Structures are given as C-alpha cells and as structure tokens.
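Survey of secondary and tertiary structure
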Amino acid sequence: MKNKWAIVLGCSTGHGAAISKQLASEGMGIIGFHLDRGAIKKEAQELEKEIALMNGAKVKFWNENAADKEVMFKRMPEISDLVGSGQVKLLMHSIAFGSTTNFFEPTPVRQRQMDMTQHVMAHCLIYWTQALLEKKFLTNGSRIVGLTSEGSYKAMEGYGPVGVAKASLEAVVRQIGWELGKQGITANTIQAGITPTRALTKISEDWEKWVETTKERNPMKRVTTPEDVAGLVSLLMSDKADFVNCSTIFCDGGEHRSL
Ligand SMILES: NC(=O)c1ccc[n+]([C@@H]2O[C@H](COP(=O)([O-])OP(=O)(O)OC[C@H]3O[C@@H](n4cnc5c(N)ncnc54)[C@H](O)[C@@H]3O)[C@@H](O)[C@H]2O)c1
C-alpha cells in the first residue's frame, strides 16, 4: 500500500474507526474527519496516535464538519501535502449525522432537518469526489465507498430523514461509479446490518431490544461489527475488485434476507 491514502469521513468511532485501523494496519495513510466533543474527542485523539504507530505516522485527523465545503477547501492544501504524488485509494463516507425522527408525529419534520440530513449523509460525497478529482488524487483503481442500511428501502420508526438520505446516498454512489468507471474509478455502497455503534443508540431508545431481535433474525445469529465492514472494505482495496462498480454489497450475515 505504498503511498496510498484513505480519506475517511467519520473516522473516530464505529465503522469509520474500524476501517481506518484496518487500512492503517495494511500500510495505508489515513486522513480522517470527525465531529466530536468531550470524551469521544479524546478517544479520537488516542485513535490517531494508535494509527500513527501502525502505519509510520501517516495519519491526520481533523475534528471538523466534513460536509462543510469551506472546511473541505481549507484542508485541501494540507491534504495535498500529505498525499503528494500518491493516490487517494479510498474516499470513504462513514458519517452518522441527521435528524432521527418521523415525518408527521410527534412533531412534523422541518425542511431544514431534511436538507441537512440529505447534504451531510449523501450530497457531500459528490463535492468531495469533485474536489479530489480536480486535484487528480482519484485515479485508476481508486474507490469511493458509502455505507447504507436496510432503511434505504424500508420504513422505520424515527428513520424518516435518514432513510431518504440512505436512498439518496445509493443513487449518488451509483451515479459517481457510472460517470467515473471509464477512468477505472469505482463507487459502491456497503449495506451493513444492525451494528451496535453510537449512531445506533441515537436512532432509538429501544436499541438494545433491537440488537436482541436482530440476533434472532440474523441467519448467523449475531449482529454486524465494525470489523466485519472493515474487512470488506479491505477486500475492496484489492485489484481483484477492480470491476465491482455501482453496486450495493451486503455485509450483514444475510440479515436482509431474513424476516
Ligand atoms: N450502526 C449501524 O447499525 C449502521 C448500519 C448501516 C449503516 N450505518 C452507517 O454507517 C455510517 C457510520 O455510522 P456508525 O454506525 O459507525 O456511527 P458512529 O456514530 O460510530 O460514527 C459516526 C462518525 O461520524 C462522525 N461525524 C458525524 N457528523 C460528522 C460531520 N458533520 N463531519 C465529520 N464527521 C462527522 C462522527 O464523529 C463519527 O466519527 C453511517 O452512515 C451509518 O448510517 C450504520
């Protein structure tokens, strides 16, 4: 993984953290964005140090809103210095953010909530891809990966805006792969099963019950872990995955096939 970099949007916990660690252990440089306060901010600093020990200090985290174009443009010169003549092998969207609510009750969802969720959870990936293409950091063999969920095609309590954003993310990724495939750049979404991360605890107060029913429902009788998803992302880094494009790949032990 010589001079190959992963830009992980949402790098501090859950899937993004596991992906960052996995790829760093394989020698890839990690550029990460997260948005945390308090104890989690400290955890992110520790993770950055841990990664530095793994990959020869090829790591830089920013605790900033990755969906803000001004942040993206402000950090681009530093990203350029880090990547140098190398390649952004992976642009990973692993941000969990958004309004976890229904459309009508108890309170009607506001346009601002819908727009923000859409932008942060889906559209910002378009602008990151544009900026990295312009810099010529995305080249033959680069991957763009987003994380989707069953909520992209199923209605769920409290998942209104995020469900819409997941369907949108899949469409964004499909279109990116369709437009950039001729350059050898591929884009795919991974559909993870229910994973007990911080994001899950914010979707529902009943998340622990949800985890238990998911274990029953899952053909493999357990929930997904961030390491399961990190393993799949690592597989996608292989040249053998060069022709996987515009797809949704399931990483859920078969959960979506089971009632
Ligand atoms: N947990 C699940 O069950 C599950 C299942 C399928 C898909 N997903 C998806 O996986 C992705 C990652 O979620 P997770 O479960 O690992 O959650 P998580 O809460 O552990 O991680 C979310 C990350 O996003 C970062 N973040 C939030 N807003 C940000 C912003 N504006 N700018 C930069 N960073 C920001 C946080 O700092 C953190 O690093 C999400 O897109 C989520 O929808 C999760």
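Note that the coordinates shown come from a computational prediction; the quantities given were computed from them, not determined experimentally. (Residues numbered from 1 in each chain as written. Predicted model: local features only at pLDDT ≥ 70, side-chain atom pairs only at ≥ 80, totals over all residues.)

Remarks on the overall build of the protein chain
Selection rule: The numbering of helices and of strands both runs from the N terminus, where a helix is a DSSP run of H or I of at least 4 residues and a strand a run of E of at least 2. For this measure, only C-alpha atoms enter the radius of gyration; the expected value for a globule follows 2.2 Å times N^0.38, where N is the number of residues. Here exposure depends only on C-beta density: within 10 Å of a residue's C-beta, 20 or more other C-beta atoms make it buried, 12 or fewer make it exposed, and intermediate numbers make it partly exposed, the C-beta atoms being placed from the backbone. Contact between two residues is assigned when their C-beta atoms, built from the backbone, lie within 7 Å.
What the protein chain contains, in helices and strands, is 8 helices and 7 strands. The C-alpha radius of gyration of the protein chain comes to 18 Å, within 12% of the 18 Å expected for a compact globule of 259 residues. The C-alpha extent of the protein chain, read off along each of the three principal axes, is 50 × 40 × 40 Å. Counting across all 259 residues of the protein chain, residues that qualify as buried make up 44%. Residue pairs in contact within the protein chain that sit at least 24 positions apart in sequence constitute 75% of those at least 6 positions apart.

Some details on the sheet that holds strand S1 (residues 4-9)
Defined as follows: Pairing between strands is defined by DSSP: at least two bridges between them are needed. Fitted lines through C-alpha atoms give the axes, limited to the stretch in contact for helices. The angle between two N-to-C directions lies from 0 to 180 degrees.
One open sheet holds the 7 strands; their spatial order is S3-S2-S1-S4-S5-S6-S7, and the pairing between them is parallel. The strands lining the two open edges of the sheet, one partner per strand, are strand S3 (59-63) and strand S7 (247-251). In this sheet, adjacent strand axes meet at a mean angle of 20° when their direction is disregarded. Pairing geometry for strand S6 (residues 186-192) and S7, over 5 bridges, is parallel. When the sheet's bridge partners are listed, Ile190 is paired in S7 with Ile249.

Topic: the environment of Val223
Position of Val223 relative to the elements: it lies in the loop between helix H7 (207-217) and helix H8 (226-236). Separated by 29 residues in sequence, Val223 and Asp252 have C-alpha atoms that sit 7.6 Å apart. For Val223, the contacting residues outside a window of four places in its chain are Gly193, Ile194, Thr195, Pro196, Val211, Thr214, Lys215 and Asn218.

Structural notes on H8
Of the positions making up H8, those classed as buried are Pro226, Asp228, Val229, Ala230 and Val233. Buried residues belonging to H8 abut helix H1 (14-25), strand S4 (87-93), strand S5 (143-148), S6 and S7.

Brief notes about unusual backbone geometry
Following Glu105, the chain continues into Pro106 via a peptide bond in cis, with omega recorded as 5°. We note that Lys136 has phi near 65°; this positive angle belongs to a residue other than glycine. Looking at where Lys136 falls in the secondary structure, it is placed in the loop between helix H4 (111-134) and S5. Unusually for a residue other than glycine, Cys246 sits at a positive phi of about 55°. Topologically, Cys246 is positioned in the loop between H8 and S7.

As for the environment of Gly16
For Gly16, the position within the fold is in helix H1. The exposure class of Gly16 is buried, given the 29 C-beta atoms found within 10 Å. When the C-alpha atoms of Gly16 and Phe250 are compared, they prove to be 17 Å apart, with 234 residues separating the residues in sequence. Setting aside its immediate chain neighbours within four residues, Gly16 contacts Val8, Gly10, Cys11, Met92 and Ser94.

Re the site of the ligand
This is how it is decided: Using a C-beta atom placed from the backbone for every residue, we mark a residue as near a molecule or strand if that atom lies within 6 Å of it. For this scheme, ten residues count as nonpolar: Ala, Val, Leu, Ile, Met, Phe, Trp, Tyr, Cys and Pro. Four count as charged, namely Asp, Glu, Lys and Arg, and the remainder, Gly too, count as polar.
In the region of the ligand, 29 residues are neighbours, and Gly10, Gly14, His34, Thr197 and Ala199 sit closest. Among the elements of the structure, H1, strand S2 (29-34) and helix H6 (198-203) are those that each provide at least two residues to the shell around the ligand. By residue class, the composition of the shell around the ligand is 15 nonpolar, 12 polar and 2 charged.

Describing the packing of H4 against helix H5 (residues 160-180)
This is how it is decided: Note on angle classes: values under 35 degrees are labelled roughly parallel, values over 145 roughly antiparallel, values of 65 to 115 roughly perpendicular, and the remainder oblique. Take the far helix as the reference: if the near one is turned anticlockwise from it by less than a right angle, the crossing is left-handed, and if turned clockwise, right-handed.
It is the contact of H4 with H5, at a shortest axis distance of 9 Å, that shows an interaxial angle of 15°. In terms of axis orientation, H4 runs roughly parallel to H5. Crossing of H4 against H5: the hand is right-handed. Contact with H4, carried on its side by Gln113, Met114, Thr117, Gln118, Met121, Ala122, His123, Leu125, Ile126 and Thr129, involves Pro161, Val162, Val164, Ala165, Ser168, Leu169, Val172 and Ile176 of H5 and no other residues of that element. Classifying every residue of the contact of H4 with H5 by side-chain character gives 12 nonpolar, 6 polar and no charged.

Nothing here speaks to function; it is all geometry.
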